[in-house]
Amino acid sequence: ALARKPLEAAWILSVGFLIASILAFPIVTDRSDMLPAIRLALDRWHVGEDPYGILPVTVGTNRMPYLPGLLFSHLPAWLAGLDLRWNSVVYRLVWGGVLAFSLRQSPPNSPLRACAILLFLNPYLTFRHQLYFEFDLLLIVLFWTFRRSQGAILALCLWTRQWNWVIAPFLWM
């Protein structure tokens, strides 16, 4: 059935590759200290300390460089005591499902469908499992899908990533 639905197949494969990547490749703080820094910041916030203080993540130190929206987007896995990368799986399931559902009425040869398939199968997104932008992708997909809520979603985007400060004016136009 999925062979006749390449968009949905790409979405499911993407989620499967992401899960395999999380299971096969542990986080190495010398290469990527993003999620360990976020976990330490959430730990500090939980006990009433400043999550934006200096964090002892690697050999040196790291100051929490992420906006509150990004920090709190990791609450689900943190509250469950899981590796924060599992949030990526949940967010990809959701944004992928919303995207696939919203494109289901478009023609099979639609350029939007082709772009969505390429996005799903992008190896950078799949194998850079220690990154933190699945929540941001969810917000962007929601922004384009739910027109009536664009103002609130854009505000959440601005509260989540500095990168959104650059693209927000273009999205709003």
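Report follows, based on the coordinates. (Residues numbered from 1 in each chain as written. Predicted model: local features only at pLDDT ≥ 70, side-chain atom pairs only at ≥ 80, totals over all residues. Heavy atoms only, no water.)

## So, the pattern of salt bridges
- Scanning the model with the defined rule gives three salt bridges in all.
- Taking the shortest distance from any N to any O, the salt bridge between Arg85 and Asp83 comes out at 2.6 Å.
- With relative accessibility at 28%, the residue Asp83 sits in the partly exposed group.
- Across the salt bridge formed by Asp136 and Arg161, the nearest N and O atoms sit 3.7 Å from each other. Here Asp136, found in helix H8 (residues 134–145), pairs with Arg161, found in the loop between helix H9 (150–160) and helix H10 (163–172); they are 25 residues apart in sequence, far enough to count as distant. (Salt bridge = Lys/Arg side-chain N within 4 Å of Asp/Glu carboxyl O. Buried < 20%, exposed > 50% of the residue type's maximum accessible area, 1.4 Å probe, protein only. Helix = DSSP H or I, 4+ residues; strand = E, 2+ residues; numbered from the N terminus.)

## Considering the packing of aromatic side chains
- Under the definition given, this model contains six aromatic pairs.
- Relative to Phe120, the ring of Trp95 lies with its centre 5.4 Å away and its plane at 15°, an arrangement referred to as stacked. In this pair, Trp95 sits in helix H5 (residues 86–102) while Phe120 sits in helix H6 (residues 111–120), placing the two residues 25 residues apart along the sequence. Comparing Trp95 with Phe120 shows no difference in burial state: the two are buried.
- Between Phe143 and Trp144, the ring centres sit 5.3 Å apart and the planes meet at 90°, which makes this aromatic pair edge-to-face.
- Taking the relative accessible area as the measure of exposure, Phe143 reaches 1% and is therefore buried.
- For Trp144, a relative accessible area of 43% puts it in the partly exposed group. (Phe/Tyr/Trp six-rings, centres within 6.5 Å; stacked < 30°, edge-to-face > 60°.)

## Quick word on the environment of Leu79
- Along the chain, Leu79 turns up in helix H4 (residues 75–79).
- Taking C-alpha positions, Leu79 is 25 Å from Phe127, a pair spaced 48 residues apart along the chain.

## Details of the nonpolar core
- One finds Trp95, Leu99 and Phe120 to be the most contacted residues of the largest nonpolar core, which totals 29 residues.
- Within the residue set of this core, elements represented by two or more residues are helix H1 (6–24), H5, H6, H8, H9 and H10.
- Here this core gets seven residues from one element, more than from any other, and that element is H8. (Core = buried A, V, L, I, M, F, W, Y, C linked by side-chain atoms within 4.5 Å.)

## Topic: H5
- Look at H5: 24 Å from first C-alpha to last across 17 residues, which is about the 24 Å you get at 1.5 Å a residue.
- If you check which residues of H5 are buried, you get Asn87, Ser88, Val89, Tyr91, Arg92, Trp95, Gly96, Gly97, Val98, Leu99 and Ala100.
- In this fold, the buried residues of H5 make contact with H1, helix H3 (68–73), H4, H6, helix H7 (123–127) and H8. (Expected span 1.5 Å × (residues − 1). Contact = heavy atoms within 4.5 Å.)

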